Amino acid sequence: MLPEWSLYFMSGIYLFAGLFHFVKPKIYKSILPKSIPNRMLLVYLSGLAEISLAIMLWFPSTRNFAIYSIICMLVIFLVVHFYMLTDAYRTKLPTWLLWLRIPLQFLLMWWAYQYLIL
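Residues numbered from 1 in each chain as written. Predicted model: local features only at pLDDT ≥ 70, side-chain atom pairs only at ≥ 80, totals over all residues. Heavy atoms only, no water.

**Focus: the overall build of the protein chain**
The number of helices and strands found in the protein chain is 5 helices and 0 strands. For 118 residues, the compact-globule formula gives about 13 Å, and the C-alpha radius of gyration of the protein chain, at 15 Å, lands near that figure. Counting only C-alpha atoms, the protein chain reaches 45 × 30 × 20 Å along its principal axes. For the protein chain, the proportion of contacts with a sequence separation of at least 24, taken over those separated by at least 6, is 63%. Summed over its atoms, the accessible surface of the protein chain is roughly 7500 Å², and 75% of this surface lies on carbon and sulfur atoms. (Helix = DSSP H or I, 4+ residues; strand = E, 2+ residues; numbered from the N terminus. Rg over C-alpha atoms; globule rule 2.2 N^0.38 Å. Contact = heavy atoms within 4.5 Å. Areas by Shrake-Rupley, 256 points an atom, 1.4 Å probe, with all protein chains shown as cover.)

Okay, here's the thing in structure tokens:
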């Protein structure tokens, strides 16, 4: 088991990321495939989900739900990361950095899984 401070650090990352969906929504909209309808609504909903799940990590009674939801969310976000690797999405980020995001998603899933209350 990882130390307890790591759980709150993880929560802080999701809280910050979720808030950033409201601060810079156009960035998140731009990385979504254009074939997805209502992209701006999806940006706000995913930001709200990240904020809610971050807070739910603080409480043992909601922690397992939050962890399973975070893992599912990260799996869904893989679609965006793979989309960013295609020619359909143009970015100034180096390709190696875009590839690095893929295993990072799995590392984040593992990190969340470590805090399941069995």
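**A word on a nonpolar patch on the surface**
Together, Phe 22, Leu 41, Tyr 44, Leu 45 and Leu 48 make up an exposed nonpolar region whose accessible area comes to about 470 Å². Among the elements that line the nonpolar patch, the one with the most residues is helix H3 (residues 39–56), at 4 residues. Overall, the relative accessible area of 47% leaves Leu 48 in the partly exposed class. (Patch = residues over 30% accessible without salt bridge, like charges linked within 9 Å, V, L, I, M, F, W, Y side chains within 5 Å. Salt bridge = Lys/Arg side-chain N within 4 Å of Asp/Glu carboxyl O. Buried < 20%, exposed > 50% of the residue type's maximum accessible area, 1.4 Å probe, protein only.)

**Quick word on the environment of Ile 102**
Looking at where Ile 102 falls in the secondary structure, it is placed in helix H5 (residues 95–113). Its relative accessible area of 9% is what places Ile 102 among the buried residues. As a C-alpha pair, Ile 102 and Leu 78 span 24 residues in sequence and 7.0 Å in three-dimensional space. Ignoring sequence-local partners within four residues, the contact set of Ile 102 consists of Leu 78, His 81, Phe 82 and Leu 85.

**Things to note about the nonpolar core**
Core analysis: the biggest nonpolar cluster contains 20 residues, and Met 10, Tyr 14, Leu 57, Ile 67 and Ile 70 have the highest contact counts within it. Elements supplying a minimum of two residues to this core: helix H1 (4–23), H3, helix H4 (60–84) and H5. Here this core takes 7 residues from H4, the largest share from any one element. Apart from the residues within four sequence positions on either side, Met 10 is in contact with Leu 57, Trp 111, Ala 112 and Tyr 115. Residues Ile 31, Val 80, Tyr 83 and Leu 98 belong to the second largest nonpolar core, which totals 9 residues. (Core = buried A, V, L, I, M, F, W, Y, C linked by side-chain atoms within 4.5 Å.)

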